[in-house]
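Summary of structural features
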Amino acid sequence: MDTAADDVERAAEAALRPKRLDDFVGQETVRDQLSLLLGAARARGTPPDHVLLSGPPGLGKTTLAMIIAAEVEGALRLTSGPAIQHAGDLAAILSSLQEHDVLFIDEIHRLARPVEEMLYLAMEDYRVDVIVGKGPGATSIPLTLPAFTVVGATTRSGLLPAPLRDRFGFTGHLEFYQPAELEQVLRRSANLLSARLHDDAARELASRSRGTPRIANRLLRRVQDFAQVRGNGELDLAAAHGALEVFEVDRLGLDRLDRAVLHALCRRFGGGPVGLSTLAMTVGEEPETIETVAEPFLVREGLVVRTPRGRTATTAAYEHLGLAQPGEATLFG
């Protein structure tokens, strides 16, 4: 992957993120609950309770963590569960925090057990015990921490251990966006990009964004690219259709990976059921990618069903791919 291009993409995404809770579109329930939580914390002059945000990727968990830090006027420290391999790594991060800082831990369900146990104490008592030395001569040095807030994000809240989940004072679940909400996101982003997005193009992009603002913003930038290079510079319906065709996003918002999963289910396995690992191997992806990126939308759209025996394609999946369902031709024969 081109690192420079990837950095530019991330910078573009960051520029479109809202900075305040009032600018955050959608997720009305979570937004209202956070507004109350943050308002009460400001009134008391204390950091807000630890926050756990769950939901599929791209719905705004990282953005909300940034907003929380901005609202309490604290610094934001970002890390992820897989990046913290040892308790010493977490101790180093915690020792660098200041009063009212926000520690954002993405994919918090993937923390190692020793790290989890250290985090329990830090979240509850604002202290950690640092072990110095090994064997019989090892000593524990208590380290007092300033009051801070942990914001954890997870795409699989069921994998969080109960002791960790219980230490969060607020848990919010982010839902997929409705097309009307995504239109608001797109218009706001277009304004930030100094581009005029036509209403019909906004509706088309919103309908193909899989209920996810991150995808909506990426499609918007690709439409802008198409309009500048192959269009007339206008972000109109023609530019939207052209960009969506080039980047293989179909009328339901399915991309290459989604269609690969459906084709594997319908063509290779006769509609299923088929296990996740087998399905992932067939399409050349990791099982976790299938489970967290493709499946939530496919299940939500009624194209795939998760059963105890594996994944199964529905009649709607065959219709979308233009395929005959097995046994359909012989129903009256």
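What you see as residue numbers is a count from 1 along each chain, following the sequence as written. Local features in this predicted model are restricted to residues of pLDDT 70 or higher, and side-chain atom pairs are both shown and tallied only at a pLDDT of 80 or more, whereas totals for entire chains, interfaces and linings draw on every residue. Only hydrogens and water are set aside when side-chain values are computed; all heavy atoms of the structure are taken into account.

Some details on the overall build of the protein
As a reminder of what qualifies: Numbered from the N terminus, helices here are DSSP runs of H or I no shorter than four residues, and strands are runs of E no shorter than two. Categorising residues by exposure relies on relative accessible area from a 1.4 Å probe, with only protein chains included: less than 20% of the type maximum marks a residue as buried, more than 50% marks it as exposed, and the intermediate range marks it as partly exposed. Residue contacts are counted whenever heavy atoms from the two residues lie within 4.5 Å of one another. To measure how exposed things are, a 1.4 Å probe is used in the Shrake-Rupley method; for residues, cover is taken only from the protein chains shown. Positive charges come from Lys and Arg alone, negative charges from Asp and Glu alone, with His and the N- and C-terminal ends not counted. Where a charge lies is defined by one atom per residue type: Lys uses NZ, Arg uses CZ, Asp uses CG and Glu uses CD.
Along the backbone of the protein there are 14 helices and nine strands. Its C-alpha atoms give the protein principal-axis dimensions of roughly 80 × 50 × 40 Å. When the 333 residues of the protein are sorted by exposure, 46% land in the buried category. If you take every contact in the protein between residues at least 6 apart in sequence, the share linking residues at least 24 apart comes to 68%. Within the structure as shown, the protein displays about 16,600 Å² of accessible surface, and the carbon and sulfur contribution to it stands at 51%. Side-chain charges of the protein comprise 36 positive and 45 negative groups, with the mean position of each set lying 2 Å from the other.

Section: the sheet that holds strand S2 (residues 76–80)
Cut-off, in case you're wondering: Pairs of strands are assigned from DSSP output, requiring at least two bridges between the strands. Comment: axis = line fitted to C-alpha atoms, over the contacting stretch for helices; angle = value between 0 and 180 degrees taken between N-to-C directions.
Across the sheet, which stays open at both edges, the five strands sit in the order S2-S3-S6-S1-S7 with parallel pairing between neighbours. Whereas interior strands pair on both sides, the edge strands pair on one side only; in this sheet they are S2 and strand S7 (170–173). Across this sheet, the average inter-strand angle for adjacent strands is 15 degrees, counted without regard to direction. Here strand S1 (residues 51–54) pairs with S7 via four bridges, running parallel. From the neighbouring strand, Leu53 faces S7, where its bridge partner is Gly172. Contacts from helix H3 (residues 61–71) reach S1, S2, strand S3 (102–106) and strand S6 (149–154) within the one sheet, and its direction differs from that of S3 by about 175 degrees.

Some thoughts on the packing of helix H7 (residues 179–192) against helix H8 (residues 199–207)
Let me state the cut-off plainly: Small angles under 35 degrees read as roughly parallel and large ones over 145 as roughly antiparallel, with 65 to 115 read as roughly perpendicular and the rest as oblique. It is the rotation of the near helix from the far one that decides the hand of a crossing: anticlockwise by less than a right angle makes it left-handed, clockwise makes it right-handed.
Where H7 meets H8, the axes come as close as 8 Å, and the angle between the chain directions of the two elements is 125 degrees. Accordingly, the angle class assigned to the pair H7 and H8 is oblique. Regarding H7 and H8, the two cross each other, and that crossing is right-handed. Across from Pro179, Leu182, Glu183, Leu186 and Arg187 in H7, the residues of H8 making contact are Asp199, Ala202, Arg203, Leu205 and Ala206.

Some details on the packing of aromatic side chains
Going by this rule: Side-chain rings of Phe, Tyr and Trp (the six-membered ring for Trp) are treated as a pair once their centres are within 6.5 Å; stacked means planes under 30 degrees apart, edge-to-face means over 60, and tilted covers the remaining angles.
Counted under the stated rule, the structure contains one aromatic pair. Seen from their ring centres, Tyr126 and Phe148 are 5.6 Å apart, and the 80 degrees between their planes marks the pair as edge-to-face. Note that Tyr126 is positioned in the loop between helix H5 (113–125) and strand S4 (127–132) and Phe148 in the loop between strand S5 (139–144) and S6, a separation of 22 residues in sequence. Exposure remark for Tyr126: the relative accessible area of 24% places this residue in the partly exposed category. You can call Phe148 buried: its relative accessible area is 0%.

A short note on the confidence of the model for the protein
We apply this condition: How sure the predictor is of each residue is captured by pLDDT, a score from 0 to 100.
A residue-level look at the protein finds 91% of positions with pLDDT of 70 or above and a mean pLDDT of 85. Contacts from residues 329–333, a stretch scored under 50 in pLDDT, to residues over four places away or in other chains number zero contacts.

Brief notes about helix H12 (residues 276–283)
What counts is decided by this rule: Along the arc lie the directions from the helix axis toward the C-beta atoms.
Buried within H12 are the following residues: Leu276, Leu279, Ala280 and Val283. For H12, the buried positions fall inside an angular range of 100 degrees around the axis, keeping them on one side. In this structure, the buried residues of H12 make contact with helix H11 (256–268), helix H13 (287–300) and strand S9 (310–313). Positioned one or two residues after H12, Gly284 has a phi angle of 75 degrees, which is positive.

Quick notes on the pattern of salt bridges
Note the threshold: The term salt bridge refers to a pairing of a side-chain nitrogen on Lys or Arg with a carboxyl oxygen on Asp or Glu at a separation within 4 Å.
All chains considered together, the criterion is met by 19 salt bridges. A salt bridge links Glu183 to Arg187; the nearest nitrogen and oxygen atoms lie 3.1 Å apart. Remark: Arg187 and Glu183 occur in helix H7; sequence separation between them is four residues, near one turn of the helix. Of the residues examined, Glu183 reaches a relative accessible area of 15% and is grouped as buried. The closest approach of N and O atoms between Glu291 and Arg311, which form a salt bridge, is 3.9 Å. With Glu291 in helix H13 and Arg311 in strand S9, this residue pair connects regions lying 20 residues apart in the sequence. Because the salt bridges share partners, they merge into one network encompassing Arg156, Glu291, Glu295, Arg306 and Arg311.

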